[in-house]
Amino acid sequence: MLLAKKLTVEERVQRARIKIVDSTDFPEFKAMAGLIMVGDTSFVDGDHPVKTACTNGRDEIYNRDFVDTLNDAQLRGVVLHENYHIQYRHLTTWEHLWKIDPQLA
């Protein structure tokens, strides 16, 4: 009997990205394939200032401890959320607010 291997956080995020662009349940996400492939994806540990997930407008950062609290559907939602920030250029559109209050922005 083979035991299923527990996926690492990195493997889970990669699987979420693949499921998003190869989704038969939500074919509209296929259009995000090119966007999702742009930039780097990195991972930090729990004591890092990034406590959940974030983007700099191109790259994505995920906190391993946060990802461990999510089920697969929630993780796909977070990956989509970060990529929508990139798609809609939130970091450049709202840069003026960041200059006023980075934490709030």
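Structure: see above.
Computed from a predicted structure; not experimentally measured.

Participant: Would you explain the pattern of salt bridges in this entry?
Facilitator: For side chains bearing opposite charge, pairing can occur when the charged atoms are close. One pass over the full model with this rule turns up nine salt bridges. Each of E10, D45 and R64 takes part in a single network of salt bridges with overlapping partners.

Participant: Can you walk me through the sheet that holds strand 3 (residues 60–63) in this structure?
Facilitator: Within a beta sheet, neighbouring strands are joined by backbone hydrogen bonds and run either parallel or antiparallel to one another. The strand order across the open sheet formed by three strands is 1-3-2, and the pairing between neighbours is mixed. With partners counted over all chains shown, the strands left at the sheet margins are strand 1 (41–44) and strand 2 (53–55), one partner each. On average, each strand axis in the sheet is inclined to that of its neighbour by 20°, with strand direction left out of account. Taken together, the four bridges between strand 1 and strand 3 define a ladder with parallel strand orientation. When the bridges of strand 3 are listed, S42 appears paired with I61. Across the sheet, helix 4 (residues 72–87) touches strand 2 and strand 3, and the angle it forms with strand 3 is around 150°.

Participant: Honestly, the environment of D45 in this entry has me stumped. Any pointers?
Facilitator: Following the sequence through the fold, D45 ends up in the loop between strand 1 and strand 2. With a relative accessible area of 43%, D45 lands in the partly exposed category. Spatially, the C-alpha atoms of D45 and G34 are 28 Å apart, while their sequence positions differ by eleven residues. Among residues more than four places away in sequence, those in contact with D45 are N63 and R64. At a separation of 3.0 Å, a polar atom in the side chain of D45 contacts the side chain of R64.

Parameters at a glance
- Position labels on residues start from 1 in each chain and follow its written sequence.
- Restriction of local features to residues with pLDDT of at least 70 applies here, the model being predicted, together with a cutoff of 80 or more for giving and counting side-chain atom pairs; totals for whole chains, interfaces and linings are based on all residues.
- The side-chain numbers reported here are obtained from all heavy atoms of the structure, hydrogens and water having been left aside.
- Within this document, salt bridges are pairs made up of a side-chain nitrogen of Lys or Arg and a carboxyl oxygen of Asp or Glu, the two lying within 4 Å of each other.
- Each pair of strands is called paired provided DSSP finds at least two bridges between the two strands.
- Put simply, DSSP H or I for four residues or longer makes a helix, DSSP E for two residues or longer makes a strand, and each gets a number counted from the N terminus.
- Whenever a helix is involved, its axis is fitted only over the stretch in contact; in every case the axis is a line through C-alpha atoms, and angles between N-to-C directions fall within 0 to 180 degrees.
- By definition in these notes, contact holds between two residues if any of their heavy atoms fall within 4.5 Å.
- Buried residues are those whose accessible area, probed at 1.4 Å on protein chains only, stays under 20% of the maximum for their type, while exposed residues exceed 50% and partly exposed ones sit between those limits.
- Polar contact is the term for a pair of N or O atoms within 3.5 Å; when the atoms are in protein, one must be able to donate a hydrogen and the other to accept it, and sequence-neighboring residues count only if both atoms are side-chain atoms.

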